[in-house]
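Residues per chain are reported as follows:
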Number of protein chains: 2
Amino acid sequence: VKFQLTILGCGSAAPTTRFNPSAQVLNINENLFLIDCGEGTQMQMRKFKIHFQKIDHIFISHLHGDHFFGLMGYLSTQHLLGRTRELNLYAPAAIEQIIHVQLKASETYLRYPLKIIALTSKESEIILDNKIVTVNTIPLKHRIYCNGFLFKEKPRARNIIKQKIKDFNIPIYKINAIKNGEDFTLENGTVIYNSELTKAPSPARSYAYCSDTAYFEKIIKIIENVNLLYHESTFIDSDKTRAKETMHSTAFQAAEIAKKANANKLLLGHFSARYHEFQIFLDEAKAVFENTELCSDGACFEVE
Amino acid sequence: VKFQLTILGCGSAAPTTRFNPSAQVLNINENLFLIDCGEGTQMQMRKFKIHFQKIDHIFISHLHGDHFFGLMGYLSTQHLLGRTRELNLYAPAAIEQIIHVQLKASETYLRYPLKIIALTSKESEIILDNKIVTVNTIPLKHRIYCNGFLFKEKPRARNIIKQKIKDFNIPIYKINAIKNGEDFTLENGTVIYNSELTKAPSPARSYAYCSDTAYFEKIIKIIENVNLLYHESTFIDSDKTRAKETMHSTAFQAAEIAKKANANKLLLGHFSARYHEFQIFLDEAKAVFENTELCSDGACFEVE
């Protein structure tokens, strides 16, 4: 089952020819979740062949332009392509008026229901809980109200051992129940315990998106043991004063968070346009947390 | 002296991998005028090496997203790059609130004065008149309030004949006056008439941008004898019913307008995403108006 992150943009405020502004797509078993939507996101989706009509949930961290200026374009294109399925948008409350004034000016009445879930809490909360995933906010420390998002895959059913179906002549209609943990009773009354019939599924996987934020230890307990952590690293350590002033992080600080949260893997992104070489980000982070990779536009990361 | 149009995007509503949404830059002697600003315009400027801090005037035809969703990104980047010079924005009145709510949400206070010239008239009017250019609106016929823009270069000074400077020993401080039409008097009192000293400059050049619009003959008298005409051709003739319904034009209709207005050259653009081959647009237009070219993203057109 797929659990794959595609980076559509990993630049910061001013886009460069190298990096688009922030946007990512998380694909959990062909359910697509869009995380932030900087200008040009819909073009990046076309370029990287994201099936963007499959997206039913969009998460916007905060209302700095580099994280949402592509949203109206995406919403409009969905309308033009004839979408009728509901689209859920999780974003700071002001998004509602921003969308409203633009739809009004263009006299556009969306053909599909756009359900806006206005985020206002400063505590972590569950904002989506369905068959596929649970999503929690991760309140971050930035110049304006800002949340990261923690995606936790729902635990999957147990894997039935095929040979046992033959051995005990288990009928098809019983299989789902067994996958969900039931025992199986033979015609002679003997109970075959579930633990003999099935194997435990792979553990549920998780992904945490933390951008934009200053170094902020309060997030550690929320993201503890996460499989994959994207933590912004707008700056390198020699610019840490600038990082502090603008409430961003350095590569070193991102790695400190990854280490303290016992993450499995760290992704660095949201690079300032002032840099042209990125190896130093990787070197700084790896000195603290070895399993680190740099993002680039179009890069894919799979959680096994 | 340069009079050059660069196409940044010539697609219509939904962007494709081939065409970005509408945006163009007119360069008159290194004074840059931005015309429409679809999503991704600032990235296109970087790609096509437009010196985008030189833009002091932005013209927005109408408030369908494919003509302005890149505006906030451009305005924000100017702010981030430290612009302090005034920027003039000519657009339908609702743009003011659209910008305001987004700046407010991001708690951004622009470092430069943004002067919004709200367009509301349904008659052609002069909206800019400076040393370089006169700009008139071209009221168009579309689903919402929409203007094209006519750029007329200011008449240039006469060209002084270099040999005459030597022949009559003309001092440097007299040269500008002579370029502006003055005669020159020799020490012995003889008057050398200006017509002997100078040659007439090349005629002032003009460019008309007409998008989006249904076929609309009222524009003909406004754009009469224009050097370069961009007229939208969202559709081909076989889709003229769809063109009419959506208040767009076909390539054939664009050519009819060019012919009736006695334009020198016609550019076709704003192509619907439904087409993948564009020779048919050219063929249809050329049957009516020979001097036609197709736009493509990054294409440059010079008026000699």
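Everything below is about the structure shown above.
Caption draft 1: Just the interface of chain B and chain A, in detail. Across the boundary between the two partners, chain B contributes 35 residues, which contact 35 residues of chain A. Contact between chain B and chain A buries roughly 2,600 Å² in total, counting both sides, with carbon and sulfur atoms accounting for 66%. A per-residue breakdown of the area chain B buries against chain A is headed by Glu39(B), Met43(B) and Phe69(B), which together make up 24% of the total. At the junction of chain B and chain A, the tally comes to six residue pairs in polar contact (both at pLDDT 80 or more). When contributions to the side of chain B that touches chain A are tallied by element, the ones reaching two or more residues are helix H1 (41-47), helix H2 (71-80) and helix H3 (95-105) of chain B.

Caption draft 2: View of H3(B). Along H3(B), the residues that are buried comprise Ile95(B), Ile98(B), Ile99(B), Val101(B), Gln102(B), Leu103(B) and Ala105(B). Next to the buried residues of H3(B) lie helix H3 (95-105) of chain A together with H2, strand S5 (87-92) and strand S6 (114-119) of chain B. Looking at the residues trailing H3(B), positive phi occurs at Glu107(B), about 50 degrees.

Caption draft 3: Summary view of the packing of aromatic side chains. For the coordinates displayed, the defined rule picks out 30 aromatic pairs over all chains. Look at Phe59(B) and Phe151(B): their rings are 5.1 Å apart centre to centre, the planes differ by 85 degrees, and that puts the pair in the edge-to-face class. You can see Phe59(B) sitting in strand S4 (residues 55-59) and its partner Phe151(B) sitting in strand S9 (residues 147-153), a full 92 residues away along the chain. Sitting above the plane of the Tyr112(A) ring, Arg83(A) keeps its charged end 5.6 Å from the centroid.

Caption draft 4: Representation of the sheet that holds S9(B) within the structure. Residue and element names in this part refer to chain B. If you walk across this open sheet you meet the seven strands as S7-S8-S9-S14-S15-S16-S17, and the pairing is mixed. The sheet is open, and its two edges are formed by strand S7 (126-129) and strand S17 (292-294), each paired on a single side. On average, each strand axis in the sheet is inclined to that of its neighbour by 15 degrees, with strand direction left out of account. Note: strand S16 (residues 265-269) against S17, three bridges, orientation parallel.

Calculation criteria
Residues numbered from 1 in each chain as written. Chains lettered and ligands numbered in written order. Predicted model: local features only at pLDDT ≥ 70, side-chain atom pairs only at ≥ 80, totals over all residues. Heavy atoms only, no water. Contact = heavy atoms within 4.5 Å. Buried area = accessible area lost by both parts, 1.4 Å probe. Polar contact = N/O pair within 3.5 Å; in protein donor to acceptor, adjacent residues only side chain to side chain. Helix = DSSP H or I, 4+ residues; strand = E, 2+ residues; numbered from the N terminus. Buried < 20%, exposed > 50% of the residue type's maximum accessible area, 1.4 Å probe, protein only. Phe/Tyr/Trp six-rings, centres within 6.5 Å; stacked < 30°, edge-to-face > 60°. Lys NZ or Arg CZ within 6 Å of the ring centre and 35° of its normal. Pairing = 2+ DSSP bridges. Axes fitted to C-alpha atoms, helices over the stretch in contact; angles between N-to-C directions.

In short, the description is geometric, and any link to function would need to be established separately.
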